[in-house]
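An overview of the molecular structure
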Amino acid sequence: METATAEYVDVILQVAARDPSIAGVLREICGLDGATRSTALGLVAAHLRTRNAGQDVLDCIALLRQDAIARRIAEVLATPSAE
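In what follows, the accompanying structure is described. (Residues numbered from 1 in each chain as written. Predicted model: local features only at pLDDT ≥ 70, side-chain atom pairs only at ≥ 80, totals over all residues. Heavy atoms only, no water.)

The subject of this paragraph is the nonpolar core. Core analysis: the largest hydrophobic core is formed by 18 residues, its most contacted members being Leu26, Leu64, Ile73 and Leu77. Breaking this core down by element, the ones donating at least two residues are α1 (3–18), α2 (20–30), α3 (34–50), α4 (55–64) and α5 (67–78). The biggest single contributor to this core is α4, with five residues. (Core = buried A, V, L, I, M, F, W, Y, C linked by side-chain atoms within 4.5 Å. Buried < 20%, exposed > 50% of the residue type's maximum accessible area, 1.4 Å probe, protein only. Helix = DSSP H or I, 4+ residues; strand = E, 2+ residues; numbered from the N terminus.)

Below, the structure written as structure tokens:
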């Protein structure tokens, strides 16, 4: 994973750590098989484009469509926190 992508994933995980509802959604999305996840996120992205979503949001969705990214996020979110 290149540095910029790894940093983006770290930010996504930081947000998920602060908001359990986001963590839950990410856990569900990243747990889907690749084809299902890609199709679902493609539909979400298409809908968001009609709502003039920011490019950062669309970039995040594009990252989540990648198997390595989704796998990394799913691994981290499946690990119980050390709180």
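Right, let's get into the pattern of salt bridges. Throughout the structure, instances matching the rule amount to one salt bridge. We note a salt bridge from Arg37 to Asp67, for which the minimum N-O separation is 2.5 Å. On the criterion of sequence distance, the pair formed by Arg37 in helix α3 and Asp67 in helix α5 is long-range, its members being 30 residues apart. (Salt bridge = Lys/Arg side-chain N within 4 Å of Asp/Glu carboxyl O.)

So, about the state of the cysteines. If you walk through the whole model with that rule in mind, you get zero disulfides. No disulfide involves Cys30; its sulfur sits 8.9 Å from the nearest other cysteine sulfur, which is in Cys60. (Disulfide = S-S within 2.5 Å.)

An ideal rise of 1.5 Å per residue puts 24 Å on 17 residues; α3 measures up with 24 Å between its terminal C-alpha atoms. Structurally, α3 contributes buried residues whose contacts are with α2, α4 and α5. One side-chain oxygen of the residue at the start of α3 lies 3.2 Å from the amide nitrogen of Ala35, identifying that residue as Asp33. One or two steps after α3, the chain reaches Asn52, where phi turns positive at roughly 55°. (Expected span 1.5 Å × (residues − 1). Contact = heavy atoms within 4.5 Å. Polar contact = N/O pair within 3.5 Å; in protein donor to acceptor, adjacent residues only side chain to side chain.)

Looking now at α5. Each α-helix turn comprises 3.6 residues. Residues three or four places apart therefore point the same way. The first and last C-alpha atoms of α5 sit 16 Å apart over twelve residues, in line with the 16 Å expected at 1.5 Å per residue. Considered for burial, the residues of α5 that qualify are Ile69, Ala70, Ile73 and Leu77. Relative to the axis of α5, the buried residues are bounded by an arc of 95° and lie together on one face. (Arc of directions from axis to C-beta.)

A cluster of nonpolar side chains, contributed by Val11, Val15 and Ile22, occupies part of the molecular surface with about 190 Å² of accessible area. Tracing the backbone through its elements, the reader meets Val15 in helix α1. With relative accessibility at 30%, the residue Val15 sits in the partly exposed group. (Patch = residues over 30% accessible without salt bridge, like charges linked within 9 Å, V, L, I, M, F, W, Y side chains within 5 Å. Areas by Shrake-Rupley, 256 points an atom, 1.4 Å probe, with all protein chains shown as cover.)

We now examine the packing of α1 against α4. Where α1 contacts α4, the axes come no closer than 11 Å and their chain directions differ by 100°. Viewed along their axes, α1 and α4 adopt a mutual orientation that is roughly perpendicular. Contacts between α1 and α4 involve Thr5, Tyr8 and Ile12 from the former and Asp56, Asp59, Cys60 and Leu63 from the latter. (Axes fitted to C-alpha atoms, helices over the stretch in contact; angles between N-to-C directions. Parallel < 35°, antiparallel > 145°, perpendicular 65-115°, else oblique.)

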